[in-house]
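Structure assessment
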Amino acid sequence: MIWKPSLGCALAWAIARFAGSNHPYLAPLTVVLCLQATPDRSVQSSWQRMIGTVIGVAIATVIVNGVGVSAWTVGMIVFISILIGKQLKLDDMIIHQVGVSAILVLVFENHSVSYALDRIVDTAIGIVVAIILDLFIFPPRKSSLNKTRHRHF
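Residue indices begin from 1 for each chain and proceed along its sequence in written order. Local features in a predicted model are, by the rule used here, given only for residues with pLDDT of at least 70; side-chain atom pairs are given and counted only at 80 or more, and totals for whole chains, interfaces and linings are based on all residues. Values shown for side chains rest on all heavy atoms present in the structure; no hydrogens or waters enter the calculation.

Observations concerning the overall build of the chain
Note the cut-off: A run of H or I in DSSP becomes a helix once it reaches four residues, and a run of E becomes a strand once it reaches two; helices and strands are each numbered from the N terminus. Whether a residue is buried, partly exposed or exposed follows from its accessible area with a 1.4 Å probe, protein chains only, as a fraction of its type maximum: under 20%, in between, or over 50%, in that order. Only heavy atoms matter for contacts: two residues are in contact if any of them lie within 4.5 Å across the pair. Computed with a 1.4 Å probe, the accessible areas rest on the Shrake-Rupley method; for each residue, only the protein chains presented here act as cover. Only four residue types enter the tally: Lys and Arg on the positive side, Asp and Glu on the negative side; His and the chain ends are excluded. Taken as the charge location is NZ of Lys, CZ of Arg, CG of Asp or CD of Glu.
For the chain, the count of helices and strands is 7 helices and 0 strands. Its helices and strands in sequence order give the chain the pattern α-α-α-α-α-α-α, from N to C terminus. Each principal axis of the C-alpha distribution contributes one length, and for the chain these read about 55 × 40 × 20 Å. Put simply, the chain has 153 residues, and 41% of those count as buried. Partitioning the intrachain contacts of the chain with sequence separation of at least 6 by distance along the chain shows that 69% fall at a separation of at least 24. Total accessible area on the chain is roughly 9,000 Å²; 70% of this is exposed by carbon and sulfur atoms. Side-chain charges of the chain comprise 12 positive and 7 negative groups, with the mean position of each set lying 11 Å from the other.

Some remarks on the packing of aromatic side chains
Here is the rule: Only the six-membered ring of Trp is used, alongside the rings of Phe and Tyr, when aromatic pairs are assigned; centres must lie within 6.5 Å, and planes under 30 degrees apart are stacked while those over 60 apart are edge-to-face, with the rest tilted.
Overall, the coordinates contain 1 aromatic pair when judged by the stated rule. Ring centres of F108 and Y115 lie 5.1 Å apart, and the angle between their planes is 40°; this geometry places the pair in the tilted category.

Thoughts on unusual backbone geometry
Here the phi dihedral of K89 falls at roughly 60°; this positive angle occurs in a residue that is not glycine. Along the chain, the position of K89 falls in the loop between helix 4 (71-87) and helix 5 (92-108). By relative accessible area, which is 73% here, K89 ends up exposed.

Brief notes about the nonpolar core
Here is the rule: For this analysis, a nonpolar core means a set of buried residues of the types Ala, Val, Leu, Ile, Met, Phe, Trp, Tyr and Cys, connected via side-chain atoms within 4.5 Å.
Among the nonpolar cores identified, the biggest contains 17 residues, and I55, I59, A60, I77, L90, V98 and V105 are the most heavily contacted of them. Those elements that place two or more of their residues in this core are helix 3 (39-64), helix 5 and helix 6 (115-137). With 11 residues, the next largest nonpolar core counts A12, A16, A27 and L35 among its residues.

Side note on the environment of Q44
Position of Q44 relative to the elements: it lies in helix 3. You can call Q44 partly exposed: its relative accessible area is 47%. When the C-alpha positions of Q44 and Y25 are compared, they lie 22 Å apart, and in sequence the two are 19 residues distant.

Side note on the confidence of the model for the chain
The line we're drawing: Within a predicted model, pLDDT stands for the predictor's per-residue confidence, ranging from 0 to 100.
Of all residues in the chain, 92% attain a pLDDT of 70 or more, and the chain-wide mean is 88. For the chain, the element scoring lowest by mean pLDDT is helix 7 (residues 142-152), at 52; helix 1 (residues 3-18) scores highest, at 96.

Points about helix 1
As a reminder, the rule being used: Working rule for helices: expected span equals 1.5 Å times residues minus one. Here the arc refers to the directions that run from the helix axis out to each C-beta atom.
For helix 1, built from 16 residues, the straight-helix expectation of 22 Å at 1.5 Å per residue is met to within 8% by its first-to-last C-alpha distance of 22 Å. Of the residues making up helix 1, those classed as buried are K4, G8, A12 and A16. Axial view of helix 1: buried residues confined to an arc of 75°, hence all on one face. Relative to its buried face, helix 1 has exposed residues pointing more than 90 degrees away, namely W3 and F18. The elements touched by buried residues of helix 1 are helix 2 (26-34) and helix 6. Where helix 1 terminates, the next one or two residues include G20, which has phi positive at roughly 95°.

Quick look at the structure:
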């Protein structure tokens, strides 16, 4: 629980910088958010985060060109994001990620034209690092899997 996120964050930051990201903090943030109690949950969380990020970035990218950042535009982009997520019958976790990504792109794309692309690429980097750590470097021990499963029933 201590080594996995720490190592994952360091690796994700380094890989994002190597890939040319101007926002490398997004990759370790993704590692922290995607690492869950079990590898299955980590994969599910990662999948939801990636889908939500891509949809949120797409929505914000379409809208961001013509609007400035204000309370109304933030409210509008969240409304549109949630509405689209509901229309697509997405999971609530994905819808939350759509809204978060849309807000962040709306705000940061005005300051850094590479933010939207970095958000997607760095999210993917963080996801890959989290899953590799969870499945291969620090796989769960059998006894910890049984304890985790018993707690949920």
